[in-house]
Amino acid sequence: MTTPEISQQAEWVRRPERSNRAMLRVMTWISLRLGRAPARFVLAGISLYFLLFAPAAKAASRAYLRRALDREPSFADVFRHFHSFASTIHDRLFLLNGRFDLFQLEVHGEDIVQEVLATGRGAILLGAHMGSFEVVRALGRRQPGLRVVMVMYEENARKLNAALAAINPAAVQDIIPLGQLDSMLRVQGCLDQGMVLGVLSDRTLGGDPTLRVPFLGADAEFPVGPMRLAAMLRRPVLFMSGLYLGSNRYAIHFERLADFSELERSDRDAAVRSAVTAYAACLERHCRAAPYNWFNFFDFWRPKDVA
């Protein structure tokens, strides 16, 4: 698998990042020295800054919220969207440093995860850029056998590792970068050990295969790679979201999406299309229930072949 050319890349890939490692280190130092509550006062200013000086992201936020809220979003709505994003990034500093005691977590569908772990065959856990994927690490207190290995494109893996080093050099996350010769062997090996593979499946790089399916009132493109991987390896697929509820509260949801364990090869394409459609419908339901938790600040509904 190779990285697509710039002309084919999705908008979110081409858009330059506004964050930098120096600022991240400063915010980490302030947060871990002063504590979570005092550091949260800084978040409002950060959220307001991006709201005022990131016009493209603000326009994308309004377009998304208009769909999710079924009304014209106010300035307060857009600010809340940005502030929710800033809050989850901030909380990640503490989660990566093992401060799970600072948060109130409610878990829905925990029995589903227990059933998957009991089979010993692993599963694909599909998330999205929604809320916090990091809060699943807190489930180690209840699920000692739960080990989540992230699967992502090589460039994304490099950026994540750099960010982790800025937050806590001792924080270790299992990541399998796609695009390497042994990527599929590592994926297969982890599943055979009963691990759970986590994939954020609501973005495409622009050159990978996609499927246009209904999402919040219009068709949008979703990558089919994660579902094809699960179908090829004949594994169950779960949906996960770690929704930010405000203050220090999160709600973690697990839901069944598809089970390819007994899938015949001749039925694979139809099953994958059905599963991608189910994923988009599940994501839409969570977007409407917790609209300020979806963090794709670009034109999500624009076809990938439109420059």
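Anything mentioned here points back to the structure above.
Summary of the structure given here. (Residues numbered from 1 in each chain as written. Predicted model: local features only at pLDDT ≥ 70, side-chain atom pairs only at ≥ 80, totals over all residues. Heavy atoms only, no water.)

1. Notes on empty space enclosed by the protein
1) Next: Inspection of every chain in the model, using the stated rule, returns 3 cavities of 30 Å³ or more.
2) Next: Volume-wise, the second largest cavity comes out at about 40 Å³.
3) Next: In terms of lining residues, the second largest cavity is bounded by Val113, Val116, Leu125, Leu146, Val148, Val196, Leu238 and Phe254.
4) Next: Classifying every residue of the lining of the second largest cavity gives 8 nonpolar, no polar and no charged. (1 Å grid on protein atoms, 1.4 Å probe; cavity = no way out; pocket = protein on both sides within 12 Å on 5 of 7 lines; lining within 4 Å. Points joined across faces, edges and corners; volume = space filled by probe spheres on them. Nonpolar A, V, L, I, M, F, W, Y, C, P; charged D, E, K, R; others polar.)

2. A few points about the pattern of salt bridges
1) Next: In total, this model carries 12 salt bridges according to the counting rule given.
2) Next: Among the salt bridges present, the one from arginine 92 reaches glutamate 134, with a minimum N-O distance of 3.3 Å. Separated by 42 residues along the polypeptide, arginine 92 in helix 5 (residues 75–96) and glutamate 134 in the loop between strand 2 (123–127) and strand 3 (148–153) bring together distant segments of the chain.
3) Next: With a shortest N-O distance of 2.9 Å, arginine 99 and aspartate 101 are connected by a salt bridge.
4) Next: Via salt bridges that share partners, Arg62, Arg66 and Glu72 belong to a single interconnected network. (Salt bridge = Lys/Arg side-chain N within 4 Å of Asp/Glu carboxyl O. Helix = DSSP H or I, 4+ residues; strand = E, 2+ residues; numbered from the N terminus.)

3. Digging into helix 6 (residues 110–119)
1) Next: For helix 6, the complete set of buried residues consists of Glu110, Ile112, Val113 and Val116. Along the long axis of helix 6, the arc covered by the buried residues comes to 155 degrees, so they all point the same way. Along helix 6, the residues that are exposed and aim more than 90 degrees away from the buried face are Ala118 and Thr119.
2) Next: Against the buried residues of helix 6 lie strand 1 (104–108), strand 2, strand 8 (236–246) and strand 9 (249–259).
3) Next: Note on helix 6: the residue one or two positions beyond its end, glycine 120, has a positive phi of about 75 degrees. (Buried < 20%, exposed > 50% of the residue type's maximum accessible area, 1.4 Å probe, protein only. Arc of directions from axis to C-beta. Contact = heavy atoms within 4.5 Å.)

4. Quick look at a nonpolar patch on the surface
1) Next: On the surface, Leu48, Tyr49, Leu52, Phe53 and Phe75 cluster together into a nonpolar patch covering about 510 Å² of accessible area.
2) Next: The dominant element in the nonpolar patch, judged by the number of residues it contributes, is helix 3 (residues 36–53), at 4 residues.
3) Next: On the secondary structure map, phenylalanine 75 appears in helix 5. (Patch = residues over 30% accessible without salt bridge, like charges linked within 9 Å, V, L, I, M, F, W, Y side chains within 5 Å. Areas by Shrake-Rupley, 256 points an atom, 1.4 Å probe, with all protein chains shown as cover.)

5. Regarding a negative patch on the surface
1) Next: On the surface, a cluster of negative charge is made up of Asp259, Glu262, Glu264 and Asp267.
2) Next: Inspection of the secondary structure puts glutamate 264 in the loop between strand 9 and helix 10 (268–289). (Lys, Arg positive; Asp, Glu negative; His and termini not counted. Charge placed at Lys NZ, Arg CZ, Asp CG, Glu CD.)

6. Examining the packing of aromatic side chains
1) Next: What the rule picks out here adds up to 20 aromatic pairs.
2) Next: Measuring from ring centre to ring centre gives 5.2 Å for tyrosine 49 and phenylalanine 53, while their planes differ by 40 degrees; the resulting arrangement is tilted. Taken together, the residues tyrosine 49 and phenylalanine 53, both in helix 3 and 4 residues apart, mark about one turn of the helix.
3) Next: The partly exposed category is assigned to phenylalanine 53, whose relative accessible area is 48%.
4) Next: With a centroid separation of 6.4 Å and an interplanar angle of 15 degrees, the aromatic rings of phenylalanine 295 and phenylalanine 297 are classed as stacked. Neither residue differs from the other here; phenylalanine 295 and phenylalanine 297 are each classed as buried.
5) Next: Members of the aromatic cluster, joined through ring pairs, are Tyr64, Phe215, Phe222, Phe239, Tyr279, Trp294, Phe298, Phe300 and Trp301.
6) Next: Positioned above the aromatic ring of tryptophan 301, the side-chain terminus of arginine 67 is 4.4 Å from the ring centre. (Phe/Tyr/Trp six-rings, centres within 6.5 Å; stacked < 30°, edge-to-face > 60°. Lys NZ or Arg CZ within 6 Å of the ring centre and 35° of its normal.)

7. Concerning the nonpolar core
1) Next: Of all hydrophobic cores here, the largest spans 58 residues; its most connected members are Phe215, Phe222, Met227 and Leu283.
2) Next: The element contributing the most residues to this core is helix 10, with 8 residues.
3) Next: Other than its neighbours up to four places away in sequence, phenylalanine 222 contacts Ser201, Asp202, Pro209, Thr210, Leu211, Val213, Phe215, Val276, Tyr279, Ala280, Leu283 and Phe300.
4) Next: Counting residues in hydrophobic clusters, the runner-up holds 27 residues, among them Leu125, Leu146, Ile175 and Met240. (Core = buried A, V, L, I, M, F, W, Y, C linked by side-chain atoms within 4.5 Å.)

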